Amino acid sequence: MSDTIKQSLGVREICMNDPIPEMPISVSPTPPSEAEVLDAIEQSVRRTTKAYGYQHLSTIGTHLRAQFSVFSPSDYGCKTLLQLIERHPDRFKVKWSAPAHKGRSHVWIRLAGEPKRKEGYSSKPTLPPKLKPRLMTVREFNRLCESLGEWLEAHQCDGSLRKTRQWLRRRDFLSLEGNTKLIKQLGGHCDCEVLMNVIEKWSEV
Ligand SMILES: [Zn+2]
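Now for a look at the structure at hand. (Residues numbered from 1 in each chain as written. Predicted model: local features only at pLDDT ≥ 70, side-chain atom pairs only at ≥ 80, totals over all residues.)

At their nearest, the axes of helix α5 (residues 138-154) and helix α6 (residues 162-169) sit 10 Å apart, and the two run at 135° to each other. By the angle class used here, α5 and α6 are oblique. Handedness of the crossing formed by α5 with α6: right-handed. For the pair α5 and α6, contact is made by L144, S147, L148 and W151 and by K163, T164 and W167, respectively. (Axes fitted to C-alpha atoms, helices over the stretch in contact; angles between N-to-C directions. Helix = DSSP H or I, 4+ residues; strand = E, 2+ residues; numbered from the N terminus. Parallel < 35°, antiparallel > 145°, perpendicular 65-115°, else oblique. Left-handed = near helix turned anticlockwise from the far one by under 90°. Contact = placed C-beta atoms within 7 Å.)

Before going further, it helps to examine the environment of K132. Relative to the helices and strands, K132 is located in the loop between β3 (107-111) and α5. The sequence separation of K132 and F173 amounts to 41 residues, and the corresponding C-alpha distance is 7.1 Å.

With that settled, consider the environment of L148. If you trace the backbone, L148 turns up in helix α5. A count of 21 C-beta atoms within 10 Å places L148 in the buried class. Note: C-alpha distance between L148 and W167 (19 residues apart in sequence) is 8.9 Å. Other than its neighbours up to four places away in sequence, L148 contacts K163, T164, D191, V194 and L195. (Buried ≥ 20, exposed ≤ 12 C-beta atoms within 10 Å, placed from the backbone.)

With that settled, consider the environment of R110. With respect to the helices and strands, the residue R110 is situated in strand β3. For R110, a count of 21 C-beta atoms within 10 Å translates into the label buried. For R110, the residues in contact, after removing those within four places along its chain, are V45, Y52, G53, Y54 and K93.

Let us now look at α6. Listing the buried residues of α6 in full gives K163, T164, W167 and L168. Projected onto a plane normal to the axis of α6, the buried residues spread over an arc of 140° and lie on a single side. Across α6 from its buried face, at more than 90 degrees, point the exposed residues R162 and R169. Elements that come into contact with the buried residues of α6 comprise α5, α7 (176-185) and α8 (191-198). (Arc of directions from axis to C-beta.)

Attention now goes to the pairing of β3. Counting buried positions along β3 gives five out of five residues, so the element sits mostly inside the fold. Alternating positions in β3 separate into two faces, V107, I109 and L111 on one and W108 and R110 on the other, with burial throughout. Note that strand β1 (residues 55-56) and β3 share two bridges and pair antiparallel. Paired with Q55 across the two strands is I109, which belongs to β3. Judged from the five bridges that link them, strand β2 (residues 92-96) and β3 form a sheet pairing that is antiparallel. Note on β3: the bridge partner recorded for W96 is V107. (Pairing = 2+ DSSP bridges.)

These results come straight from atomic positions and should not be treated as a statement about function.
Structure (structure tokens):
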């Protein structure tokens, strides 16, 4: 049966003379075609912000129920939404995040035709673009030295840049590796050497 015939069977003709019904006319809604459902699933996956473009199966279910007033996998000869998705390996790839517990909550779907994208498909518009971590300014370097100085008054240097790197790691706008590399180039191979060798050498880049 074609979609148009299905639709015409489902919709009752309304006359101008009909009394205004108190309840909304119950139009037996036509289930969407399988192609429409597959497109809606794809749209739902594309809305993910999860790594590698995976969308959670239950989120897809929520999107479908929001989009179609009637949606039931049984209309397409499937027991579950997952079964329907798995029937189209050319379009969707399925993975279980914990194979030991194959449950609904662990099922993730991504688009088979799209390359894996670490950042997902949807960008997060609320977040400003992240700035590239940079080298320390002289002021920042001096603050690092103050912090190292206080720490080394009470503790012994363990021969590593552990405290320096800890300080850098707490500031995600600073490049951990870039700053560490430059500190080493300037003769700072451990926390106390930062104070002894690198101090006064740091200059604005
Ligand atoms: Zn040291």
